[in-house]
Amino acid sequence: MSNDTPRTSRTGRARRVITAVTSGGLRILVDLLVVSLWVLFLTLWFLETAWPRWAFYGALLLGVSVYVSITSGWWASTTADDGA
Amino acid sequence: MDRRSFLRTLVSGGYALGMAAWLGVDDFLAADDGEVPVVTALVREDPDDPWSIRERTRTVPAEWYAAVESAFELNQRLARIAFTGYLGSAVVPGDHESGTATVSVGVSGDGHSVSEMVGELAAGIDIKAETIIDVDDIQNGPEHREPRLADAIPDGGVPSGVACETPSSMATLGPALYHPDGQRQFFVTAEHAFMDDHDATDGTLHLPREERDTIELGTVAHFHPAEDVAAVEPTGRVEPTSRIEAPRQPRVRGQFTKFGLADLVARDAELEKVGALSGHTTGKIQGIDAVTCFTDEFCRRGQIRWGGEMDLTDGDSGSVSYHRDPEGEDEDVLIAGFNNARTWWPGQSYVWGVGAYRLTEQHGYHF
C-alpha cells in the first residue's frame, strides 16, 4: 500500500492543476457574462433616456472597473498563491 | 490595483466596448449628441453590378432633421388640401447649423388669405408665400441648336445625354434604369416626348447616330405620366448603360434619397446635367420634394427644382440631374432626378423634374 502514496500525491497535483484551469476558465466565462449583461443593461437604459455619449462610455468602463476591483478580492482569498 | 486586476479590467473593458460597438450603440448615442442618422443615398457596392444597391447613412444635426422633416410633412399637407390659387410648393432646407427649413409656396393672384391659412398650418416652419403673377408655358428656346448624337457605340451600350427619337418628337436619353422585379433594365426618357394618345403610337424609341443609320433601341414597356417617365424595354442589340456623355464620362453609382437631396441643399451643392441640346450645365438646387400643379389637371409630386431656365431647352427632356458621389471614386456620380420642364416667372426661374427617390417609392425603379 506504500506504493499508493506518491500516486495519490501525483493525482492531487493533477487535480489542483485541473481545478486552477477550470476556475480560471470559469472566471473568464463569469466575467464575460457579467460584462455582457452590463453592456446590454446600459444600452437599453440609454436608449430610453437619451443621455449623452460620454455618460454611456463612462458608466460602461466605471462599471467594469468596479466589478473587477470588487471580485478580485474574492478570487485573491481563494487562490492567493497563484502567479499572475 | 495589482497586475491581474489591471489586466482583467483591460480585457473586460475592451470586450465591453467591442460588444457596445456590435450592438450599434453609437447609432443612437450619436443622435443623442444632437445628431441623427439618415439614409442619404442608394449606392451600388460594386459599380458594375446594379443589383448590389445598398443604403448609405450619414449623421445630420437633430434640429435640422426635425425642421426638414416637418417641412416635408407640411408640404404634403398643403398639396393634399390644394386650396384655391395653389400652384405648387417646395421645401428649401437651410444649412445644417441653422437647423431650419423653408416651405416656398406658389400662389396665383391675391395671396393674403392664403398666407394666413398656411400660417395656421405651420408649426415652427418659416413660410415664404410667393405671389405669382403669370405662368408662362414652356416656350421654345430663342436659338436653334443641333442635338448631340450618339457616336460609335462603345461596348454595345448607349450613354445618357444623347438624343433619342420617339415617333412624335426628340428627347434626351437617360442612363439605364433598373427594376428589381425580374432584374430588368430599361432605356428611359420623358413620357411627354411620346404623343398624348399612347395607343396611337407604336411606342418605339430610336437612336439617331452620327453619320450612321438610326437604330431601334426598344419599345415602351411602361408610361408613368405623373412622373413624366417612359421606361423602354431594350429590343435591339444595344443596351442601356450607367454612363453619362460628359467630358469625364461619369459613371452612375446610385441615387440620392429625399434626405440626401436635403443634405445637398444644406451644403449649397450644385447639380449637373447633360442634355442633348443644351449640353452640360450646372446650377443650384432651389427646392426639393416640390409639388407642381400648373401644367396639368393633376399635381406632380416629389419634384426637384434647380438651375435656371437656361439650363433646359426643348429636346433636353429625359436628361438626368446628378452630383458627384461624395464618398465614391472621382468618376462616380449619384442621380438626383430627371429634368423634364422649366418654369420662369418674375423672381423665379428653374428646371424641374421628378426626383429619383420618388420614382423608386412609386414604382420601384432605381439607377
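Every value quoted in this text rests on a predicted model; they were computed, and no experiment measured them.

Counting its regular elements, chain A contains 2 helices and 0 strands. Considering chain A as a whole, with its 84 residues, one finds that 10% of them fall into the buried category.

The next subject is the overall build of chain B. Looking only at helices and strands, chain B has 6 helices and 22 strands in total. In chain B, 64% of the contacts between residues at least 6 apart in sequence involve partners at least 24 apart.

Looking at chain A, pLDDT values average 73 and 67% of them are 70 or higher. The low-confidence segment residues 80-84 of chain A, where pLDDT is below 50, has 3 contacts with residues more than four positions distant or belonging to other chains.

Attention now moves to the nonpolar core. Membership of the largest hydrophobic core comes to 84 residues, with the highest contact counts inside it found for Val232 and Ile288 of chain B. Looking at this core element by element, the count peaks at 7 residues for helix α3 (residues 62-81) of chain B. Core analysis: the next-biggest nonpolar cluster, separate from the first, contains 10 residues, Val39, Leu42 and Leu60 of chain A together with Val25 of chain B among them.

Positionally, Val34 of chain A belongs in helix α1 (residues 4-49). Distance in space between the C-alpha atoms of Val34 of chain A and Tyr67 of chain A is 8.7 Å, their sequence separation being 33 residues.

Here we take up the pairing of strand β19 (residues 319-324) of chain B. Taken residue by residue, a regular strand's side chains alternate between the two faces of the sheet. Residues and elements named next belong to chain B. Most of β19 is tucked away: 5 of the 6 residues are buried. Sheet topology note: the strand β16 (residues 270-275)/β19 ladder contains 2 bridges and is antiparallel. Note that in β19 the partner of Lys273 across the bridge is Ser321.

In this fold, Pro50 of chain B is placed in the loop between β1 (35-44) and β2 (53-61). Apart from the residues lying within four places of it in its own chain, the contact partners of Pro50 of chain B are Arg44, Tyr178 and Ser242 of chain B.

This paragraph deals with unusual backbone geometry. Residue and element names in this part refer to chain B. At Asp228, a position not held by glycine, the phi torsion is positive, near 60 degrees. If you trace the backbone, Asp228 turns up in the loop between β12 (212-224) and β13 (229-234). In the Ramachandran plot, Gln249 falls in the positive-phi region, its phi being about 50 degrees despite a non-glycine side chain. Residue placement: Gln249 occurs in the loop between β14 (239-244) and β15 (251-256). What makes Gln249 exposed here is the crowd of 11 C-beta atoms within 10 Å.

This brings us to the environment of Pro167 of chain B. Residue and element names in this part refer to chain B. Summarising the element assignment, Pro167 is placed in the loop between β7 (163-165) and β8 (170-172). In this structure Pro167 comes out as partly exposed when scored by C-beta crowding, with 14 C-beta atoms within 10 Å. Note: C-alpha distance between Pro167 and Leu205 (38 residues apart in sequence) is 7.3 Å.

The next thing to look at is helix α6 (residues 356-363) of chain B. Because the α-helix completes a turn every 3.6 residues, residues three or four places apart line up on one side. Residue and element names in this part refer to chain B. When α6 is considered as a whole, its buried residues turn out to be Ala356, Tyr357, Arg358 and Leu359. Buried residues belonging to α6 abut β13, β15, α5 (258-266), β18 (300-306), β20 (332-339) and β22 (348-354). Positive phi appears at Gly364, one or two residues downstream of α6, with a value of about 85 degrees.

Thresholds, definitions, all that
Residues numbered from 1 in each chain as written. Chains lettered and ligands numbered in written order. Predicted model: local features only at pLDDT ≥ 70, side-chain atom pairs only at ≥ 80, totals over all residues. Helix = DSSP H or I, 4+ residues; strand = E, 2+ residues; numbered from the N terminus. Buried ≥ 20, exposed ≤ 12 C-beta atoms within 10 Å, placed from the backbone. Contact = placed C-beta atoms within 7 Å. pLDDT = per-residue confidence, 0-100. Core = buried A, V, L, I, M, F, W, Y, C linked by C-beta atoms within 7 Å. Pairing = 2+ DSSP bridges.

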